[in-house]
Amino acid sequence: MSKKSLLFLLLFCFLAACSSESSNSSPSENENSSSSETEDVEVIIDGMIHLTSGTTSIGSDDAEFKANERPAMQVKIEYDFYMGKSEVTCGEYSAIAKKTDIKTFGNCENDSLPITDLTYYDAVLFANAKSKVQGYDTVYSYTKAIFDSEDHCTNLEGIHFHTDVNGFRLPTEAEWVYAATKNWDIQKAWYSDNSDFKLHSVCRFSSDSTHNDSTEFCDMAGNAMEWVNDWLGAFRDTTVSNYAGAPNSGDLDERVVKGGYYSSSKAELNPYSRGDVYTVTSSTRAEYVGFRLAFGSISNPLWMADDGSSVTSVITPLANTETIKNLIGTYKAKLVFRNDLTGDISLLDYKNGSLSVQNISSGIQAFHPEISPDGNWVAYCTGLEGISGKSKLYVQSLESSQAILLDVESAAIPRWRVLESGDTVIVYVTDAGNNKEDATFQKNSTWQVPFTNGNFGTPEKIFTGAYHGGISEDRNLAVSGSRVLRARIQGKDTIWYAGEQACNVSMVMDGSKRTSFLDFGGETGKKFVGSSYSTHQRILIADSTGKLLQSVKAPSGYTFDHSEWATDGKNSLIITTLTNDNGAHTKIALVNLQDSSVTEIMEGEELWHPNLWIQKVKIIKQDTLSQDTTASDTTASDTVISEIPFELDPDSAGIYYNTSGAYSRAAAFRYKMEILWQYKDSANVVVLGSSHTYLGVNPLIFKDPYFAVNLAIGGATIQSNSSLFLNYILPHYKNLKYVILSIDIDRGSIEGVGNNNLFHEAYKSYPGYVYDQNHNYWKDGYPEGLSEATYDSPGPASTAKSHRATRGFFSESAKGWGNPYIANDSNWLDTYYDRYQTNLQTLKNFIQTCNENSIHIIGIITPQNPKYANTGAFGRSGLRRSEAPALIQEIADLSKDYPYFTLLDENKMGAHDYTDDMAKDTDHLSEAGAAQLTNRLDSLLRTLE
């Protein structure tokens, strides 16, 4: 049995003993105890503990904690729930799997050990399966499950957490901390002086001196790190009731993990830690991450956004970016709508890839939003269709919360137009009330106002009558509906649809002058359809004369509302809300007129007035782009597709990121690939390696004649870097003269699999890499347009911002070296000597290839905490200090056989000159440290010329 297996077994044996042994300590003796009294806890039979309402603190005010773990936030838990006494074990998992359709298995060496190496989605599916087996409703719903080649679930499309359901689920972070701090104690943990072996405390069994009955507590510290239910969000110095995490996934789909694991340092074992060394997403898995279950509904849950705003319900995207791409033909789409619970306008940018719904307006009761033709602005008003009265019209950037007011007496129902002159205008009406009476209708009018560079021009009256349903490009047709369907044809007013009631009138802007609208089950509609139907049960389409062309029926149990044409270019899509039998607008759906299908894409409590902007495609000749043209030279509203003999597949080319992929660092790597293609003809220095060079080498500091890009990535191994170099860099970087590569000898035991090597298996989750592989990585010739396609592909906006301007370098502020800790057994070389030799041989092959191509390769050992000199370990990832010098010398001696290789040891076994203000943490440099290292590399390169 391996040491890790033995350790797990020992820990679990301690856990099992918790059911029959007691401790002399009471919870009140622990300084981290919750304010709740021990008497609030009651043991139940089925392996879970009953917890009643109380208060706990999540987060800390200690400056030593990470930014996302501060400040301390008080949480009131105002409901009862149950918490598993231990993590789900391999045996428990297997028993449920045999009774259900679960195929996924994680890391299991013994039925009594916690099951690990599972994604968040794997844990969710298990919770649902256990609920089914035990006769409960399932807490999580979803529309589609996506699995990788090992049957791990990497995405649950449309996942929704039903807080009102009594069933098995993952605990919230607040619940986890509440249970953990009942009896948090790691004082019994055993550490050897050199941290070669660690045994952490597990659960404590306490006897309350004031009660005859003993009380049982949970194992929460050490053993395995644990998934909880929450998305990662910011804390506030406040008190929150029934906190359930962030309301959305944010740019990176980050989740919270708790509790530390068998190799965690003592400092890491605290109830407030919320993450791992690297970014944790829903599709992440690691051999030390497991989960425990909670049970019970959550009364009046509250989610809190990073800006401190809170919501009592969440808005759930039901379709991921791939589904949207299949529906509309592109990833480049933006959806805005009114959240009627708050009155705000919300935005979902599908190109961002993260499916994070953001509120973009605040403090304004906003209705009828519409995105500008270039996709950069949104206009909305304070008036509502069918309601007479004054209305204000605002425009704001989708990147800013500042609203720009149109200074007129009243303006409602904004619609964007691009005139033949190329000018962009907004059409609006002075009143959007009931249009049934001629006299009332004629008192109002339709106007347009130019809008350029964030400024309004002078409003111009177009004609009398409030035609807010749209105006044709030639201005020969205008429509309106708010009781009756009115049309203005070549200057003459008329009424369509036999004067029957109609609303939600919208004209498509494709030259066909078709109009969509909803009715009230009128006689004209019944005659056209051939059967009776209820109010708003059908979307009706009329031609330019008012003649009915088509109708689409709403899904069973729903009716339509707020229907509008999407700017899809195909002119066949309508965006609409779906209203349930209770009159609540709970879903947004996309209607395809080509096949009458209705696809649900968003779910919430009250979603109004959706508007879907889809980026149009413009075909231009290749010779209109100069050789130096980059994707940044094109406009946001036009995708450049080159007319060349080989046509790139838009479904695959450059698509290096999606939310269903299995690689936790896919977002960063997507932008590394963009940088790779963008600078393939100009860069002569490429930085590769792990997070040590990712954070440690700044390309912008190199001086002429050096032009560098940083393609290093967190967690990468020599195998990953070798694959990237051989398949992408060497064939395409014709001016390459220098490679800078991190030499992480303390990580020499890591195999090039899983999250340590994208190119092992995880790449298969992303169309772009598979497409490249199927075309031999374009070694026979680079396909023009691939760089532009990559630039335009989905990816988190925050990652784009942090990577594009720095050519791949990630800047971190200084937090000091801190106290050294060792994540792995320092004796790993004894166990994994063969693995180290395999990695060393891969490095030798890499160096040999560079040597054969006259490319200088600089191996860099980056600085780590100088205090490791006082331990038995070389660095954060272990390795006995006594073994390190010989290994370093062996690598340095490679220069004898390969003259293009140079080893630069900036760590010097801890005797370096990188001060606290140059350190991000115990083994990474801050921005200042990166500046010093990069300047030294620049000087070294000049000696190699």
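Residues numbered from 1 in each chain as written. Predicted model: local features only at pLDDT ≥ 70, side-chain atom pairs only at ≥ 80, totals over all residues. Heavy atoms only, no water.

1. Considering the pattern of salt bridges
Tallied over the full model, the rule gives 35 salt bridges. Here Asp744 ties to Arg747 by a salt bridge, and the two come within 3.6 Å at their closest N and O atoms. In this pair, the class of Asp744 matches that of Arg747, namely buried. Lys764 serves as the salt-bridge partner of Glu761, at 3.1 Å between the closest nitrogen and oxygen. When salt bridges that share partners are traced, they join Asp117, Asp148, Glu150 and Arg285 into one network. (Salt bridge = Lys/Arg side-chain N within 4 Å of Asp/Glu carboxyl O. Buried < 20%, exposed > 50% of the residue type's maximum accessible area, 1.4 Å probe, protein only.)

2. A few points about the sheet that holds strand E26 (residues 367-371)
Reading across the sheet, the four strands line up as E26-E27-E28-E29 and stay open at both edges, with antiparallel pairing between neighbours. Lying at the two open borders of the sheet, with one neighbouring strand each, are E26 and strand E29 (403-405). Neighbour-to-neighbour, the strand axes of the sheet open up by a mean angle of 25 degrees, direction not taken into account. Judged from the five bridges that link them, strand E27 (residues 377-381) and strand E28 (residues 393-397) form a sheet pairing that is antiparallel. Its bridge partner being in E28, Ala379 is matched across the sheet by Val395. (Pairing = 2+ DSSP bridges. Helix = DSSP H or I, 4+ residues; strand = E, 2+ residues; numbered from the N terminus. Axes fitted to C-alpha atoms, helices over the stretch in contact; angles between N-to-C directions.)

3. So, the state of the cysteines
Evaluation of the coordinates by the stated rule reveals one disulfide. One disulfide bridge connects Cys90 with Cys108, the sulfur atoms lying 2.1 Å from each other. One quick way to see it: the torsion about the S-S bond of Cys90 and Cys108 is about -105 degrees, and its sign makes the bridge left-handed. Here Cys90, found in helix H2 (residues 90-99), pairs with Cys108, found in the loop between H2 and helix H3 (120-133); they are 18 residues apart in sequence, far enough to count as distant. (Disulfide = S-S within 2.5 Å.)

4. Examining the packing of aromatic side chains
What the rule picks out here adds up to 36 aromatic pairs. Ring geometry for Tyr82 versus Phe295: centroids 6.2 Å apart, planes at 65 degrees, classification edge-to-face. Here the residue Tyr82 occupies a position in strand E5 (residues 81-84), and Phe295 occupies one in strand E19 (residues 294-295), the gap between them amounting to 213 residues. Classification of Tyr82 by relative accessible area gives partly exposed; the value is 27%. Seen from their ring centres, Tyr136 and Phe295 are 4.8 Å apart, and the 65 degrees between their planes marks the pair as edge-to-face. A residue pair is termed long-range when its members are at least 10 positions apart, and Tyr136 in the loop between H3 and strand E6 (140-141) and Phe295 in strand E19 qualify at 159 residues. Among the aromatic residues, those joined into a cluster by ring pairs are Tyr656, Phe669, Trp677, Tyr728, Phe759, Tyr766, Tyr769, Tyr777 and Tyr782. Positioned over the ring face of Phe367 is Arg338, at 3.9 Å from the centre of the ring. A cation over an aromatic ring shows up here: Arg338 above the ring of Trp608, its NZ or CZ 5.8 Å from the ring centre. (Phe/Tyr/Trp six-rings, centres within 6.5 Å; stacked < 30°, edge-to-face > 60°. Lys NZ or Arg CZ within 6 Å of the ring centre and 35° of its normal.)

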